[in-house]
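Breakdown of the fold
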Amino acid sequence: MSPGFASRLSRWMPKLAVAPGFALSFAFIYGLIAWNGVLSFSASRLLPNYEWVGLAQYVSLFESERWHVALVNLGIFSALFIGVGLALGLFLAILLDQKIRAEGVLRTVYLYPMALSFIVTGTAWKWILNPGLGLEHLVRGWGFESFTFDWLVNPDMAIYTIVIAGVWQSAGFVMALFLAGLRGIDDSILKAAQIDGATLPRIYWRIVIPSLRPVFFSTLLVLAHISIKSFDLVMALTAGGPGFATDMPATFMYAMSFSRGQIGLGAASATIMLCTVAAIVVPYLYSELRGARR
Amino acid sequence: MTPTRLTTRALHVAAAATLLCASLSARAGEVEVLHYWTSGGEAKAASALKATLQGKGHSWKDFAVAGGGGDSAMTVLKSRVVSGNAPAAAQIKGPSIQEWGNEGVLANLDDVAKANNWDALLPKVVSDVMKHKGHYVAVPVNVHRVNWLWANPEVLKKANAKMPTNWDEFFVTAEALKKAGVIPVAHGGQNWQDFTTFESVALGVGGADFYRKALVQLDAGSLKGATMQKVLTTFRKVKGYTDKNAPGRDWNLATAMVIRGEAGMQLMGDWAKGEFIAAGKAPGKDFLCAAAPGTANAFTFNIDSFAMFKIKNTANLQAQKDMAAAIMSPEFQETFNLNKGSIPARLNMDMAKFDDCAKLSSKDFVATAKSNTLVPSIAHGMAVSSAAEGAIKDVVSQFWNTDSMTPEQAMDRLVAAAKTK
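What counts, and at which threshold
Residues numbered from 1 in each chain as written. Chains lettered and ligands numbered in written order. Predicted model: local features only at pLDDT ≥ 70, side-chain atom pairs only at ≥ 80, totals over all residues. Heavy atoms only, no water. UniProt positions renumbered as here; feature names shortened; annotations may be inferred. Helix = DSSP H or I, 4+ residues; strand = E, 2+ residues; numbered from the N terminus. Rg over C-alpha atoms; globule rule 2.2 N^0.38 Å. Buried < 20%, exposed > 50% of the residue type's maximum accessible area, 1.4 Å probe, protein only. Contact = heavy atoms within 4.5 Å. Lys, Arg positive; Asp, Glu negative; His and termini not counted. Charge placed at Lys NZ, Arg CZ, Asp CG, Glu CD. Pairing = 2+ DSSP bridges. Axes fitted to C-alpha atoms, helices over the stretch in contact; angles between N-to-C directions.

- Looking up chain B in an unreviewed UniProt entry gives the name Probable sugar-binding periplasmic protein, with the organism given as Piscinibacter gummiphilus.
- For chain B, the Sequence similarities (unreviewed entry) comment in UniProt is given as "Belongs to the bacterial solute-binding protein 1 family."
- Under Function (unreviewed entry), UniProt gives the following word-for-word description of chain B: "Part of a binding-protein-dependent transport system for a sugar."

- The name an unreviewed UniProt entry gives chain A is Sugar ABC transporter permease, with Piscinibacter gummiphilus as the organism.
- If you open the UniProt record of chain A and go to Subcellular location (unreviewed entry), you find "Cell membrane".

1. Side note on the overall build of chain A
- When you go through chain A residue by residue, the secondary structure sums to 13 helices and zero strands.
- Start at the N end of chain A and walk to the C end: the helices and strands fall as α-α-α-α-α-α-α-α-α-α-α-α-α.
- In terms of overall size, chain A is more extended than a compact globule, its C-alpha atoms giving a radius of gyration of 25 Å where 294 residues would be expected to give roughly 19 Å.
- By residue count, 39% of the 294 residues in chain A fall in the buried class.
- In chain A, 68% of the contacts between residues at least 6 apart in sequence involve partners at least 24 apart.
- Between the centroid of the 20 positive side chains of chain A and the centroid of its 15 negative side chains there is a distance of 14 Å.

2. A look at the sheet that holds strand S10 (residues 288-291) of chain B
Residue and element names in this part refer to chain B.
- If you trace the four strands from one edge of the open sheet to the other, you get S8-S9-S7-S10, paired in mixed fashion. Of all strands in the sheet, those bounded by a partner on one side alone are strand S8 (183-185) and S10. For this sheet, the mean angle separating the axes of adjacent strands, direction not counted, is 20°.
- Two strands pair when backbone bridges link them, and S8 and strand S9 (residues 263-267) are joined in this way by two bridges, in the parallel orientation. Looking at S9, one finds that Val 185 is bridged to Met 265.

3. A look at the side chain of Ser 42 of chain A
Residue and element names in this part refer to chain A.
- Within the element layout of this structure, Ser 42 appears in the loop between helix H1 (3-39) and helix H2 (56-63).
- Look at Ser 42 and you get buried, because its relative accessible area is 2%.
- Each residue touching Ser 42, except ones within four places of it in the same chain, is listed here: Asn 49, Tyr 50, Glu 51, Val 53, Gln 57 and Gly 264.

Here you go:
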């Protein structure tokens, strides 16, 4: 074996090692995304076909009342799920960071919901929130006959029950991320601030929270994509009901593609979802990568 | 028994089985059947078909996909068909048969149909559903009547109320039940159950001709008019007699409320009978069945059927044809429907073994086929394409759940939904 071959091999080896994985992910991620894109411009009904119809599927998508409900729900759900999740997670992390006893146990308790799948969370909350079985029934049993909590069966409020279940599930995870961030802050800065006479809330507001910026961003990214693709939680908790009051883009896409025989329309809604995710992820990645190069 | 002897016996059995298979495979084919009959009574019904085919020497390859509505089964079927590996038969019904026919993947069963005289055995409305462009592509296994009203006689007696025969009487009975402290109407707030109730109201208030014009032909004038307005107001009024825990409840849990006497009545298809029977109740004594208010002379049908797919292997082709013929045989139709709670799809069947509800259903089926008041159920995928059905179902369910929506708004949306292609 000539030395030239060995050196060439060692130069090519990393590329060869990565090639199969790259080819597979290219075919089964980007290839299928492209196929979905093509289908969204086709007249596909029950089975995929390639009769070109231009933007017709997108037009009927945005004319559909149900899609508008799904988009509004996505807006409400994302804003509250991310906002409340972040606030609650940060609050729990700050409390846990006060060098308390049994921190390990509490941390596990808070983090535990994350170990459950959304299907389990959804089913459990469905029972808890059902007026005839759960909370309302319980409180009435205690003697508060006029107590009412029927959000689950109220079309105007049902979306907020999904927020409750979602926040319950993810707040512990957000807490864990923030706790790690808090632990990474240099103690000496905090001591210096204390010597300067800063109060505890002021220290948190002006020093700790600003230095958690990177944690905020990664948490935001994780929660944002969970909320856009949220499907199993909705299916288990309300199945999109009452009516289609709690429909989300993902459940809309599933219903159109797989039970209504409108693959083209489903593909169009999936493309819109992809664009929504991309609109959040691409600027973020861009700023991160630019920051790294600097 | 020692281990060695056990092994020897197992070997003998295996050898015998191999011999048996070898001797059969010379002429026999295999049918692979995709279905979603996975609950108790349904699985029993499916095994009746399996036994019939095995009697003819064919082997049966079961391809059951769980999930009552069949959504997951259809997803599996699509992937099989797209990959060029379709099963011999699949449980597909209503206009979906036409949609699959349009994709050009269904087999022609005209020779079997001719040999067994299907045209004379099936009402025309039914055979039309089984045909694509005039050729038989599917076989019906049963007929479910959807426009039923179920009631608990003890509860009715306690409330001093009687079984209603039209919608005015229905509300009198409901009011009496409410006064007696029971839930008048057991309902499950899932969109297809809202739609099932709507369908019965539409048939009862408007009659078969209105139903056909509005919900089968999707005529805009009928979807937006005085009759539809009356249908919607009546439909809304029914909701007032349901309990508020209904959203998301399964239909069989609603039936259980009637069985236990917590609720008085339920509007549901005849699969609800299976729940009463399974709870050890006798028709006429422990529970009452009657046509939904105002629909005694009409019949909304929901027919389960098997569509046959194009396959290449000639032995399997014979098996497929034998299966189609076997499904239409009186023996199979009887055994299957006794287990499933429905009635046979063929006319002129001996109904002696069936219960009173099924006998009434069968009598009305034959009578309405003659008087042209036999209409397809829109809520169960028999009347219009799945896309239009879904869009209309959305409007109906939204109207049911949104108290602020007026009938006029609902009618405008119905007209828009009917245009979905």
